[in-house]
Each structure stands twice: as C-alpha cells, then as structure tokens.
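An overview of the molecular structure
This is what each chain is made of:
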Amino acid sequence: MANSSFNSQHDARTEEEMSETDYLLENRNTEAAQRFTALSALFNPGTLRQFDACGMTAGWRCWEVGAGGPALARMIAERVGQAGRVLATDIDDSWAKEAATRNVEVRKHDVARDPPPDELFDLVHARLVLVHVPERERAFRNMISALKPGGWLVVEDADPALQPLSCIDPYGAEQELANRIRSGFRALLSNRGADLSFGRKLPRMFREAGLADMAAEAYFPIALPECVPLEIATIKMIRSDLLSHGIVADDEIEQHLENVRAGMLDLSQPPMISVRGRKPSSPVHGR
C-alpha cells in the first residue's frame, strides 16, 4: 500500500509565482474532452436553470468565464440568438475554440490577472473556476466590474470539504480505496492553491459585494451515470501526481479503475453551490 500521508498544505510560492501550469486538471490533457462532456452532462441542467431564474433572453450579452469545453457556450449562444453575444474565455482556450461562431467569441484570458473585457454584460457566469484560482477575490471583483447595471452574476463552485468522500457508504475495500484516492486528489488540489471549502463562502461574498436578489442552492450528485466517465477521466489526468506523491500504487489505481468500470461503486461528486445576484441599477450607499 502506498504512503497516503501526503502533505496537503499549500506550498510556499506566492500568487505571482503560480501559473496556469499549476492547475492540476489542465485542458491540454487528452482526457480533458471526456471530463468536459461528463461535467456538462452533470451540471449544465442546473446552470441553465440559474440562467432562467435570471431571465436570460434573446439579445443578452454574456461572458462565460473559464469556459473549458464548448458545450455551455453553445447553449448560451442558442438562448441569446444572433442579436446577442457570448464571450467565452479561459487560460487555455484550446477546447473552447470549437464553440466559436458568429455570436460566440473565444478568447484566451485570465480572469484574475488580466483586465476585465472592455465591455459590459447582462450576465457573467463562472463554474468550477474560482475554487482553483489563488487570486479568487480579485477575479470575483473583475467579474462584477464587467456587469452592466442590473446585470446578473452567476458563480457555481464545488465545496469538497462539505462532503469529502467518493463513496459515502464505505462498506467494503473497493469503497475504501476510492475514498483514499479521493482524499489524495483533494490534497493535490489544496497544494495547488484550491480552496476546498470555497463554495460555502459564495453567498457571503455576494452579499458583501452589494449584489441584489441573491439566491443560492446546492446540488449533490450521487450514483449518476455521468459520474463514471468523470471519475475515469479525472483519475487518468492525475495518475502521475498520485504516483509521484506516494498516495497510491500503480496496481491500486488499476484496481480502482476496474471497480469503476464494473459498476461496483456508487460514486458521488462534491456538492456544487450555485449563487446568483444582480448588480444594482444604482450604486449601493456606502459601497
């Protein structure tokens, strides 16, 4: 059995020394497309429901932050129509480029370090972005600054610390192995600067920023079919990190993947906390 005592403390590098290469689940990995597809299947329905609550309609101008793959940008483009516009940005836009059309612009952009786009939007959305960004407060302010008065901000982020297990019913060795791998994955994320308890902080951040009509909810996938390809793609993406840090041995990874493919595990994902809020049409007193 590999040593699972990997130190999960964030390393001593400053934020300025962090770069896109510090992101554990890089878009350049060959498994990224499979992961994007699974994430879209799991979370796009809830995201679209958030957009409906904001009143998204034809003609809206929208900024999709950290677009990753093309699926959601395309869905937004269908909703806003040719009279609308979608700006899809990512630090690695290689997969999102597939979404580029007449009303979808894809641009390489770092939401925390680059200036906000030189335009204002009816809606700005980010999903599974800020949890990974060390300068997340700056990124949050940049997104708000890009909203037109009355525009909506929707941020969705996981909170792995709320529910850290891969299998919430660890009744056997297969489930215990899955949970040990998930624990190592969380340690790797934390060491790269991820805030594993970030999702729960979003409602407070929205209130403190003066956003109106704030509403929040959580979605907790358990044993859904999409969890299987997502787990396989994720494990393949982080395999070398799991091995190099002594979290698990190679044969344990192979056994876990076999267990996943065989349908032996009721896999869960961390709760996804979705928050929406509207930028006031007039400045809030004292802000």
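Each value, and the rule that gives it
Residues numbered from 1 in each chain as written. Predicted model: local features only at pLDDT ≥ 70, side-chain atom pairs only at ≥ 80, totals over all residues. Heavy atoms only, no water. Core = buried A, V, L, I, M, F, W, Y, C linked by side-chain atoms within 4.5 Å. Buried < 20%, exposed > 50% of the residue type's maximum accessible area, 1.4 Å probe, protein only. Helix = DSSP H or I, 4+ residues; strand = E, 2+ residues; numbered from the N terminus. Pairing = 2+ DSSP bridges. Axes fitted to C-alpha atoms, helices over the stretch in contact; angles between N-to-C directions. Phe/Tyr/Trp six-rings, centres within 6.5 Å; stacked < 30°, edge-to-face > 60°. Lys NZ or Arg CZ within 6 Å of the ring centre and 35° of its normal. Salt bridge = Lys/Arg side-chain N within 4 Å of Asp/Glu carboxyl O. Right-handed = clockwise from strand over helix to strand, strands pointing away.

Quick look at the nonpolar core
Among the nonpolar cores identified, the biggest contains 30 residues, and Leu 242 and Val 248 are the most heavily contacted of them. Counting residues per element, the ones that place at least two in this core are helix H1 (32-54), helix H4 (173-191), helix H6 (227-244) and helix H7 (250-261). Counting residues per element, this core draws most heavily on H6, which supplies seven residues. Counting 27 residues, the second-largest nonpolar core is a separate cluster that includes Val 131, Leu 153, Met 205 and Leu 211.

Side note on the sheet that holds strand E4 (residues 121-127)
The sheet built from seven strands is open, its strands ordered E3-E2-E1-E4-E5-E7-E6 with mixed pairing. Only two strands of the sheet have a single partner each, and these edge strands are strand E3 (104-108) and strand E6 (212-219). Taking the axes of each pair of neighbouring strands and ignoring which way they run, one obtains an average angle of 15 degrees across the sheet. Two elements, strand E1 (residues 61-65) and E4, share four bridges in a ladder whose sense is parallel.

Focus: the packing of aromatic side chains
Considering all chains together, one arrives at three aromatic pairs under this definition. Each ring, one from Phe 43 and one from Tyr 219, has its centre 5.9 Å from the other, and the planes form 90 degrees; the classification is edge-to-face. Remark: Tyr 219 occurs in strand E6 and Phe 43 occurs in helix H1; sequence separation between them is 176 residues. What makes Phe 43 buried here is its relative accessible area of 6%. Accessibility expressed as a relative area gives 34% for Tyr 219, which makes it partly exposed. Here the aromatic rings of Phe 140 and Phe 206 are separated by 5.5 Å at their centres, their planes lie at 55 degrees, and the arrangement is tilted. Separated by 66 residues along the polypeptide, Phe 140 in helix H3 (residues 136-145) and Phe 206 in helix H5 (residues 202-208) bring together distant segments of the chain. Phe 206 carries the same exposure label as Phe 140, and that label is buried. Cation over ring: Arg 136 sits above Phe 198, and NZ or CZ is 5.6 Å from the ring centre.

Overview of the pattern of salt bridges
As enumerated under the stated definition, the model contains 17 salt bridges in all. Ionic pairing is found between Lys 148 and Asp 122, a salt bridge with its closest N-O pair at 3.3 Å. One end of the pair, Lys 148, is in strand E5 (residues 147-158); the other, Asp 122, is in strand E4, and 26 residues separate them in sequence. In this structure, the salt-bridge partner of Arg 182 is Glu 231, at a minimum N-O distance of 3.4 Å. Residue Arg 182 is located in helix H4, and its partner Glu 231 is located in helix H6; the two are separated by 49 residues in the primary sequence. Among the residues examined, Glu 231 registers a relative accessible area of 5% and is labelled buried.

Quick word on the pairing of E1
For E1, the tally of buried residues reaches four of five residues, placing the bulk of the element in the interior. Bridge analysis of E1 against strand E2 (residues 85-90) gives five bridges, and the strand direction is parallel. By the bridge assignment, Glu 64 is partnered in E2 with Ala 88. Between the parallel pair E1 and E2, the chain is carried across by helix H2 (residues 71-80), and the sense of this crossover is right-handed.

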